[in-house]
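The lines below spell out each chain.
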Amino acid sequence: MHTKKSFAERGFHALTFELLAVAISAPALSWLMGVSMAHAGLLTLMISLIAMVWNVVFNALFDRIERRMNLVRTFGVRVIHAISFELGLIVTVVPLAAWWLNLSLLDAFVLDIGLLLFFLPYTLLFNIGYDKVREALIKRRLATS
């Protein structure tokens, strides 16, 4: 079911995605890197803000491509979506993590690969769940109107 998303909905989608991601990743990063929860939390918050902006921009572009190519949101399309989204984040996250954690770019890249191993399935599962909830809400709204 393809219905155009409003800017407000895109913002809600991004905010929900990022709040849950920070709640999961900040404690894990703190523990794994041996840094304070505040230090890990600020890094994950900065990454989250970058990711929220990227999320809104990327999803608007992806939706446009999806409509033009008449794609159906199959599992394969969502896999491509998740991989493309995460690759786009590498460009900004690696230098930020290197600077914030005083790591080499290579070490930050390895850290980012670790984060990617978490975020790829998280992104995929979050968006599949979001699609299902959104579709049910739209169906309910159409049934009552």
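Criteria and cut-off values
Residues numbered from 1 in each chain as written. Predicted model: local features only at pLDDT ≥ 70, side-chain atom pairs only at ≥ 80, totals over all residues. Heavy atoms only, no water. Bend = angle between axes of the 7 residues up to and from the residue. Helix = DSSP H or I, 4+ residues; strand = E, 2+ residues; numbered from the N terminus. Axes fitted to C-alpha atoms, helices over the stretch in contact; angles between N-to-C directions. Left-handed = near helix turned anticlockwise from the far one by under 90°. Contact = heavy atoms within 4.5 Å. Nonpolar A, V, L, I, M, F, W, Y, C, P; charged D, E, K, R; others polar. Phe/Tyr/Trp six-rings, centres within 6.5 Å; stacked < 30°, edge-to-face > 60°. Buried < 20%, exposed > 50% of the residue type's maximum accessible area, 1.4 Å probe, protein only.

Can you help me understand helix 3 (residues 75–101) in this one?
Residues separated by three or four positions in an α-helix point in the same direction, a consequence of the helix having 3.6 residues per turn. In the structure, helix 3 departs most strongly from a straight axis at Ile 90, where the bend amounts to approximately 45°. One or two positions beyond helix 3, positive phi appears at Asn 102, with a value near 55°.

Would you mind showing me how to read the packing of helix 1 (residues 7–33) against helix 4 (residues 105–144) here?
For any two helices packed against each other, one specifies the inter-axial angle together with the distance between the axes. For the pair helix 1 and helix 4, the least separation of the axes is 11 Å and the interaxial angle reads 145°. Note on packing geometry: the crossing formed by helix 1 with helix 4 is right-handed. Contacts from Glu 9, Phe 12, His 13, Thr 16, Phe 17, Leu 20, Ala 21, Ile 24, Ser 25, Leu 29 and Met 33 of helix 1 reach helix 4 at Leu 111, Phe 118, Phe 119, Tyr 122, Thr 123, Phe 126, Asn 127, Tyr 130 and Arg 134. Its residues placed into classes, the contact of helix 1 with helix 4 shows 13 nonpolar, 5 polar and 2 charged.

Teacher, can you tell me more about the packing of aromatic side chains here?
Each aromatic ring pair is characterised by the separation of its centres together with the angle its planes make. Tallied over the entire structure, the rule returns 14 aromatic pairs. Between Phe 58 and Phe 85, the ring centres sit 5.6 Å apart and the planes meet at 65°, which makes this aromatic pair edge-to-face. With Phe 58 in helix 2 (residues 37–68) and Phe 85 in helix 3, the pair connects residues that are 27 residues apart, well separated along the chain. Comparing Phe 58 with Phe 85 shows no difference in burial state: the two are buried.

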